[in-house]
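Fold and geometry: a report
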Amino acid sequence: MEYYLDNAATTAVLPAARQAAEGAMDEFGNPGSLHAAGRRARQLLCDSREAVAAALGCRAERITFTSGGSESINTALMGAAFKNKHVGRHIVSTQIEHDATLNTLKALKNQGWDITLVPPETDGTVSPAAVGAALRPDTALVSMMAVCNETGAVLPLEETKAAMEGICPRAIFHVDGVQGFCKIPLPLDCVDALSLSAHKIGGLKGSGALYLREGLTLPPLIYGGNQENGMRSGTEAMPQIAAFAAAARDRSAHFDEHTARMNALRDKLIAGARALGCDINTPAHGAPHIVNLSPKKGRSEVYIRVLSDRGIYVSGGSACARGKKSHVLTAMRLPGKNVDAALRVSLCPETPEEAIDAFLCGLEEAMKLF
Amino acid sequence: MKEILLCKCGELVLKGLNRHKFEDRLQKTLYWRLKKIGNFRIHGCQSTVYVEPQDGEADMDAALEACRKIFGIVAVARAVVCEKNIEDIKAKAAEYLREPLSRVRTYKVETRRSDKRFPMTSPEISREVGGYLSDVYEHLQAQMDEPQLTVKVEVREEYAYVSAGVLPGAGGLPTGTSGRGMLLLSGGIDSPVAGWMMAKRGMELECVHFFSYPFTSLEAKQKVMDLAEILTHWAGRTTVTVVPFTHIQTEIRDKCREDYFTLIMRRMMMRLAQRVAEKRDCQCLITGESLAQVASQTVQALGVTGAVCDMPVLRPAIGMDKEEIVTIARRIGTMDVSILPYEDCCTVFTPKHPQTKPARDKAEDEESKLDVDALIDEAMQGLEVVTIG
């Protein structure tokens, strides 16, 4: 029996998404073609855009399909920096962002931008006051994740926007919504740009979207045939897009039921891990699908191997950062041994309750190794 | 034009009556390494081994690279074969060296004439060929001191050879002429270098690796296999004997004093390595230890760890700085693999304050808390031998 508890890394493809992708492979026309096959593909593209927009709560024309979260984030940050360079040369973000953000900001720093990264609190949250203190009148761009991929912390988007209104009203506010989409309500009215990924909600890898608010246009990252209104050239990846739409439809339709279920599993997991003597690195009011915990002793990778041999799949830190110390937990100033031992357990609405029991049981066994 | 590789033998030519054994071994090694690359005739004469392609399909670039990794060869020249008359030598030299000569301005010609029946002396040949090249390539200027290119002409028994100089080879002695050593291969930078250094002196290599799953990963084990594979390019076919080491490590951690963890672990490794070495017919152990690099490599610690074996323990990197070791690791191609970030067994339970001046009797006291023989026997039951190359 296998229990997949690494849904923040990627999720299983939902049956509806698989079916939609297969449909788009049968109906293989290019949405840019004038003939009937092209028209049918164009219709599918249009419907898919509607579906993702509806799940997010915006109008369809605000959605640009991309190759995934990283591309969306790159497009938003590079574009916003270019667009707003007359406002100032300062960018505010946080120390707990995903590498897609941090490394894009590093590239901007090399171009002469001044970057301020707000540190998290020791519980993993980001305080609105700390963000407010980092803002300056010449801040041109603020980028923040909705949900931290390592701890599940929910970041203060609305408070940040409010603080921006007072200090740097012309700054563009980008939100990395990759882990937040379909997991928590996203306050779209306070956001200028928002990045999404399909494979975190049951879609396919290599697929994502960028939301831009009404009236905001950004220069594209990829030039070519002017697909996606010129925002993102390249023939549309129809199977991925159709799957993304199907997954978004499914997830948004059952949002309340799914989050309630994951919250219950999360509470059970936290209580069980505490009973085993683990420290919980996830803040109290986090996203429903991520729990980060540290056994008292040992190293993440050993736990991961032992659990993996029992068919239980979790990660340490984030899956992208294999073998590196977590920059998020380090920024939270956790003791070194907690950083070394940290495990991230991430759920999906289909996670069976017995997976939690199996994990706790496996963890207890593995802890005996140390 | 027919090309050939001239492999110059190193110190093996200084050997006495058993010299032919070294030569045979070198030719066998050449045969096996070049077999994969193409159809070559390999024959020796004086202090040179000739590698002659037998058809047009042989990849001479790959053959040259392979020859430069064979121990016992100090230099390799890629040359064109000429008839033994000065006209043919001149014409072939001009044609064969067109490309390298077009890239330089200054050059000289050096000649060696081992066949003294050839009607011209070496200086005469050099002058004649040099004059001809200057006529054909007007941009060239002869220069005796530090020219950009030295054209080599060799007049030998059957043919004459012209090349654009020689490339350094691996040096050392032919693999298999100095016995067999069991290399303790960890996955770090030092142990592959140590193995390479002993292979350079003609030693055949076998490897032993201590595997501490789940404390170390399958990736770490694969990394060791990859390192062994790189060593085979130099030292030929090898084996990696994987010894299950987890139980021993947890026993040490549970029962022994923390500051002696690493030391006792290494004593267990040496015991096991010797057992494996005996089994695989090796005459010595090889380690990558470098004096005082880490706590377990102080002279006191080496004494305490080495005390458990009666086989010679060769530590070729003992007097080398890390930078010197890294330079060799880069040259032999193991560095990029060695620095992959997988933990090896040596770092699993590292004490905070390891003992740098251990005493043998204290180590023995600590070890008496373990059932050493039973642990060794248990590990020997679970050996996995992987052949590489």
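The numbering scheme is per chain: residues are counted from 1 as the chain's sequence reads. All chains are assigned letters beginning with A, and all ligands numbers beginning with 1, in the order in which they are written. Selection of residues for local features in this predicted model requires a pLDDT of at least 70, selection of side-chain atom pairs for listing and counting requires 80 or more, and totals for whole chains, interfaces and linings are taken over all residues.

1. Some details on the overall build of chain A
Where we set the bar: Helix numbers and strand numbers start at the N terminus; a helix is a DSSP run of H or I with at least 4 residues, a strand a run of E with at least 2. Any residue surrounded by 20 or more other C-beta atoms within 10 Å of its C-beta is treated as buried, while 12 or fewer makes it exposed and the intermediate range makes it partly exposed; C-beta atoms here are placed from the backbone. A pair of residues counts as a contact when their C-beta atoms, built from backbone coordinates, are within 7 Å of each other.
A tally of regular secondary structure across chain A gives twelve helices and twelve strands. Dimensions of chain A, computed from C-alpha atoms along their principal axes, come out at roughly 65 × 50 × 35 Å. Per-residue burial over chain A gives 52% buried out of 370 residues. When contacts within chain A are restricted to residue pairs at least 6 apart in sequence, those whose partners lie at least 24 apart make up 74%.

2. Some details on the overall build of chain B
The number of helices and strands found in chain B is 14 helices and 14 strands. A buried classification covers 44% of the 389 residues belonging to chain B. Contacts in chain B between residues far apart in sequence, at least 24 positions, make up 79% of those at least 6 positions apart.

3. Some remarks on the domain arrangement of chain A
Where we set the bar: Domain start and end points were adopted from an automatic or database domain assignment.
The domain boundaries assigned to chain A delineate domain 1 (14–62 + 198–203 + 212–253), domain 2 (69–195) and domain 3 (254–367). On a C-alpha basis, the centroid separation for the pair domain 1 of chain A and domain 3 of chain A is 33 Å.

4. Description of the nonpolar core
Keep this limit in mind: Remark: nonpolar core denotes a set of buried Ala, Val, Leu, Ile, Met, Phe, Trp, Tyr and Cys residues whose joining runs through C-beta atoms within 7 Å.
If you look at the biggest cluster of nonpolar residues, it comprises 115 residues, and the most contacted ones within it are Ala 242, Ala 243 and Phe 359 of chain A. Take this core: its biggest share by element is nine residues, from helix α7 (residues 238–253) of chain A. Those residues in contact with Ala 243 of chain A that lie beyond four places of it in its chain are Val 13, Ala 17, Arg 18, Ala 20, Ala 21, Ala 198, Gly 203, Leu 204 and Ser 207 of chain A. Counting 104 residues, the second-largest nonpolar core is a separate cluster that includes Cys 9, Phe 40, Met 203 and Phe 210 of chain B.

5. Some words on the domain arrangement of chain B
Residues and elements named next belong to chain B. Keep this limit in mind: Each residue receives one of three labels: charged for Asp, Glu, Lys and Arg, nonpolar for Ala, Val, Leu, Ile, Met, Phe, Trp, Tyr, Cys and Pro, and polar for the others, Gly being one of them.
Looking at the assigned domains, one finds that chain B contains domain 1 (3–171) and domain 2 (180–388). Computed over C-alpha atoms, the centres of domain 1 and domain 2 are 42 Å apart. Contact with domain 1, which involves six residues of that partner, is made by six residues of domain 2. If you list the elements that add at least two residues to the side of domain 1 that touches domain 2, you get α1 (19–35) and β8 (160–171). Grouping the amino acids of the side of domain 1 that touches domain 2 by side-chain chemistry returns three nonpolar, two polar and one charged.

6. What about the environment of Glu 128 of chain B?
Residues and elements named next belong to chain B. Relative to the elements of secondary structure, Glu 128 occurs in helix α5 (residues 122–136). Glu 128 sits 71 residues away from Ala 199 along the chain, and the two C-alpha atoms are 43 Å apart. Beyond its immediate sequence surroundings of up to four residues, Glu 128 is in contact with Ile 86 and Lys 90.

7. Focus on the interface of chain A and chain B
On the chain B side, the residues contacting the six residues of chain A number four residues. Across the side of chain A that touches chain B, the residue classes break down as two nonpolar, one polar and three charged.

8. A look at the sheet that holds strand β8 (residues 208–212) of chain A
Residue and element names in this part refer to chain A. Applicable threshold: Only strands that DSSP links by at least two bridges are regarded as paired with each other. Simply put, an axis is a line fit to the C-alpha atoms, just over the touching stretch for a helix, and the angle between two N-to-C directions goes from 0 to 180 degrees.
As summarised here, the arrangement of the seven strands in space is β2-β8-β7-β6-β5-β3-β4, forming an open sheet in which the pairing is mixed. Single-partner strands in this sheet number two, and they are β2 (63–66) and β4 (114–118). Pairs of neighbouring strands in the sheet enclose a mean axial angle of 20°, with direction left out of account. For strand β3 (residues 90–94) and β4, the ladder comprises five bridges, and the chain directions are parallel. By the bridge assignment, His 90 is partnered in β4 with Asp 114.

9. Some details on the packing of helix α8 (residues 246–255) of chain B against helix α14 (residues 372–381) of chain B
Residue and element names in this part refer to chain B. Rule in force here: To sort the angles, those under 35 degrees are grouped as roughly parallel, those over 145 as roughly antiparallel, those from 65 to 115 as roughly perpendicular, and the leftovers as oblique.
Running from N to C, α8 and α14 point in directions that differ by 155°, and their axes come no closer than 9 Å. Judged by the angle between their axes, α8 and α14 are roughly antiparallel. Taken together, the residues of α14 that come into contact with α8 (itself represented by His 247, Ile 248 and Glu 251) are Leu 375, Glu 378 and Ala 379. For the contact of α8 with α14, a count of residues per class yields three nonpolar, one polar and two charged.

10. Here's the deal with the sheet that holds strand β10 (residues 290–294) of chain A
All names here are of chain A. An order of β9-β10-β12 is seen for the three strands of this open sheet, with the pairing classed as antiparallel. Each edge of the open sheet carries a strand with a single partner, namely β9 (279–280) and β12 (343–346). Where β9 lies against β10, two bridges are found, and the strand directions are antiparallel. Bridge pairing in β10 places Ile 280 opposite Leu 293. Contacts from helix α8 (residues 255–275) reach β9, β10 and β12 within the one sheet, and its direction differs from that of β10 by about 5°.

11. A look at the environment of Ala 209 of chain A
All names here are of chain A. Counting through the fold element by element, Ala 209 comes out in strand β8. By C-beta crowding, Ala 209 is classed as buried, having 31 other C-beta atoms within 10 Å. Considering only alpha carbons, one finds Ala 209 and Gly 69, 140 residues apart in sequence, at a separation of 7.2 Å.

12. Let's talk about helix α11 (residues 322–332) of chain B
Residue and element names in this part refer to chain B. Heads up, the condition is: By definition, the arc is the one covered by directions from the helix axis to the C-beta atoms.
Of all the positions in α11, only Ile 325, Ile 328, Ala 329 and Ile 332 are classed as buried. For α11, the buried positions fall inside an angular range of 105° around the axis, keeping them on one side. Along α11, exposed side chains directed more than 90 degrees from the buried face belong to Glu 323 and Arg 331. If you follow the buried residues of α11, they end up packed against α6 (190–200), α7 (218–235) and α12 (335–338).

13. Things to note about the pairing of strand β9 (residues 180–184) of chain B
All names here are of chain B. Quick reminder of the rule: By convention a crossover is right-handed if, when the strands point away from the viewer, the path from the first strand over the helix to the second runs clockwise.
A large share of β9 lies buried, amounting to four of its five residues. The pairing of β9 with strand β10 (residues 204–211) spans five bridges and is parallel. Its bridge partner lying in β10, Leu 183 is registered against Cys 207. Handedness of the β-α-β unit built from β9, α6 and β10 comes out right-handed. In this structure, β9 lies alongside strand β12 (residues 284–286), joined through three bridges in parallel fashion.

14. Topic: the packing of helix α9 (residues 261–279) of chain B against helix α13 (residues 360–367) of chain B
Residue and element names in this part refer to chain B. One way to put it is that α9 packs onto α13 with a least axis distance of 10 Å and a crossing angle of 80°. Between α9 and α13, the angle falls in the class roughly perpendicular. Residues Leu 263, Ile 264 and Arg 267 of α9 pack against Ala 363, Glu 366 and Glu 367 of α13. Looking at the contact of α9 with α13, its residues break down into three nonpolar, no polar and three charged.

15. Some words on the pairing of strand β4 (residues 73–82) of chain B
Residue and element names in this part refer to chain B. Burial analysis of β4 places seven of its ten residues in the buried class, the great majority of the element. Pairing of β4 with β8, which is carried by eight bridges, proceeds in the antiparallel orientation. Residue Val 81 lies in a different strand from β8, and its bridge partner there is Tyr 161.

16. Some words on unusual backbone geometry
A cis amide bond links Tyr 213 of chain B to the next residue, Pro 214 of chain B, at an omega of 5°. Relative to the helices and strands, Pro 214 of chain B resides in the loop between β10 and α7. The phi angle at Cys 182 of chain A is positive, at roughly 65°, despite the residue not being glycine. For Cys 182 of chain A, the location among the structural elements is in the loop between β6 (172–176) and β7 (193–197). For Cys 182 of chain A, a count of 24 C-beta atoms within 10 Å gives the class buried. Phi at Asn 226 of chain A is positive, roughly 60°, even though this residue is not glycine.

17. Observations concerning the environment of Ser 368 of chain B
Within the secondary structure, Ser 368 of chain B is located in the loop between α13 and α14. Linking Ser 368 of chain B and Ala 91 of chain B, residues 277 residues apart in sequence, is a C-alpha distance of 79 Å.

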